[in-house]
Each structure stands twice: as structure tokens, then as C-alpha cells.
Amino acid sequence: MSIIKEGFYFAGVALLIALFFGVVISPYAAILPAVIACYCIYFFRNPERKIPADENLIVSPADGTVQDVVELDSDEFIKSHCRKVIIFLSVFDVHVNRSPIAGEIKIQKYICGRFRPAYKDSVGFENERHLIGIENEKIRVTVTQVAGILARRIVSWVTLDDKLEKGELYGLIRFGSCTEIVLPENVEVLVKKGDKVRGGESIIGKIKS
């Protein structure tokens, strides 16, 4: 298991503070920043995942708990009837995001907004979020990273026209958040509310033959 590069900054700062407190104040004063440093290493972890090879299978873009599966009349990228799977990430979940399919990024938007708790029903419309639309020869999907009350920073490592492999890392959300994926009508959704999923590994949908 590796650590995302952003994690070294947060953990390094906390360790420096722990060292300073331990030398200047007392060893006991170093305990809290040392614990924070350990948590940063834990939070920014990037475990290896076994990505399903079948091109008809769509994998989860994030670790977490399925908060809901809702029907949509349309989506700005898919432009037809579709379903949205909402995944809530607690502060204890892995927070890197992975591409649910292999394909090319055809749309990308960053929308400023509020920072309400990520488990609220309306956060996908009100909160700050980053949206990408991925397309291949079979389907289009939309994936949205949604900020939360603690997640004040959405990180993206991709841009328009980039090509992604299924399960490839493309970004993260810092400290508690929500990830949404919109699937077209020709995809059978294989998860339900309350299911636990693992990014890049859990199968959340299958293209209908």
C-alpha cells in the first residue's frame, strides 16, 4: 500500500510540529500532533486494488457506503434516462477516486458552492463539486466529486481529453465527502442503498447485452 503524495505534506507538517513541541515544551505535548501525523498517513493511503478486466463491468469510483440510487430523467452528459449512485465517504474511508470505466474525458466542470455535510440529500446540487464525463465506444458515465463540511479541497489530476484506464486514479477529496456516478439506461445497477463498496474493485453496474 502506498501513500498519495499530498499526504506527505500534511504528515510532514504534523511531524515537524510534534518534534518542535517535544523539544521545546514536553514529550507529552508532542502526542497530539504525532497522532494527527499518523492519521494523515492513514487517510492518504492508496491500497492496491484488483481491477475487473471485463469491459462490460463498471467499478465503483470510490470507497464508502452507497447512500442512495436514484432515477434521473436526464443528465447533462448522458442526455437520456439514467440512474445516479451516491457514495458517502467517511473520514475513515480511502479517499482517492478511480475511473469506473476505460475511456476519454469529454466534459469537465468545477462548480463552486457550499460546504454542507456530505450525507445531506442536496449536497450534489449545493456543494462545491468537480464533474467529469467519461466516454468509450459502449457507454458514457458522469462522475462527480462532492465536497463536504470537512472536505474543503477537491483534487484532480486529469483534464479534458485525457484517457483513463478502468480503475485508474484521477483525484481525491480531502477529509470526508461524497462521490456520485451517473449510469446510462443500458447499465444494470448492481448495488443498493447501504452497500459497502471499494473503489476500482467493487462492481456497481454491468452493461446489458
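Let us look at the structure shown here. (Residues numbered from 1 in each chain as written. Predicted model: local features only at pLDDT ≥ 70, side-chain atom pairs only at ≥ 80, totals over all residues. Heavy atoms only, no water.)

**Comments concerning the overall build of the chain**
Secondary structure summary: the chain contains three helices and 16 strands in total. Taking all 209 residues of the chain together, 49% fall into the buried category. For the chain, restricting intrachain contacts to residue pairs at least 6 apart in sequence, the fraction spanning at least 24 positions comes to 71%. Total accessible area computed for the chain in this model is approximately 10,400 Å², and 59% of it derives from carbon and sulfur atoms. (Helix = DSSP H or I, 4+ residues; strand = E, 2+ residues; numbered from the N terminus. Buried < 20%, exposed > 50% of the residue type's maximum accessible area, 1.4 Å probe, protein only. Contact = heavy atoms within 4.5 Å. Areas by Shrake-Rupley, 256 points an atom, 1.4 Å probe, with all protein chains shown as cover.)

**Description of the pairing of strand 12 (residues 169-173)**
The buried count for strand 12 comes to four of five residues, which makes it a mostly enclosed element. The pairing of strand 6 (residues 96-98) with strand 12 spans three bridges and is antiparallel. For Arg-98, the partnering residue across the bridge sits in strand 12 and is Leu-169. Sheet analysis places strand 10 (residues 154-156) next to strand 12, joined by three bridges and oriented antiparallel. (Pairing = 2+ DSSP bridges.)

**Quick look at the sheet that holds strand 3 (residues 57-59)**
Here three strands make up an open sheet; going across it, the order is 3-16-14 and the pairing antiparallel. Looking at which strands have only one partner, the edges of the open sheet turn out to be strand 3 and strand 14 (187-189). Direction aside, the axes of adjacent strands within the sheet are offset by 30° on average. (Axes fitted to C-alpha atoms, helices over the stretch in contact; angles between N-to-C directions.)

**Focus: the sheet that holds strand 7 (residues 103-111)**
With respect to topology, eight strands assemble into an open sheet ordered 11-7-8-9-13-5-4-15, the strand pairing being antiparallel. Looking at the sheet topology across the chains shown, the edges are occupied by strand 11 (163-164) and strand 15 (196-197). Relative to strand 5 (residues 82-89), strand 4 (residues 64-72) runs antiparallel, the two sharing seven bridges. Of the residues in strand 5, the one forming a bridge with Val-66 is Ile-87.

**Focus on helix 2 (residues 31-43)**
Here helix 2 contains 13 residues, and its C-alpha end-to-end distance of 18 Å stays within 8% of the 18 Å for a straight helix at 1.5 Å per residue. Those residues of helix 2 that are buried lie in contact with helix 1 (5-24), strand 2 (45-46) and strand 12. (Expected span 1.5 Å × (residues − 1).)

**Quick look at the side chain of Lys-166**
Relative to the assigned elements, Lys-166 resides in the loop between strand 11 and strand 12. Looking at Lys-166, its side chain comes within polar contact range of the main-chain oxygen of Pro-52, at 2.9 Å. Among the polar contacts listed, one links the side chain of Lys-166 to the backbone oxygen of Asp-54, at a separation of 2.5 Å. Discounting chain neighbours no more than four positions away, the residues touching Lys-166 are Ile-51, Pro-52, Ala-53, Asp-54, Glu-55, Leu-57, Val-59, Ser-99, Pro-100, Ile-101 and Ala-102. (Polar contact = N/O pair within 3.5 Å; in protein donor to acceptor, adjacent residues only side chain to side chain.)

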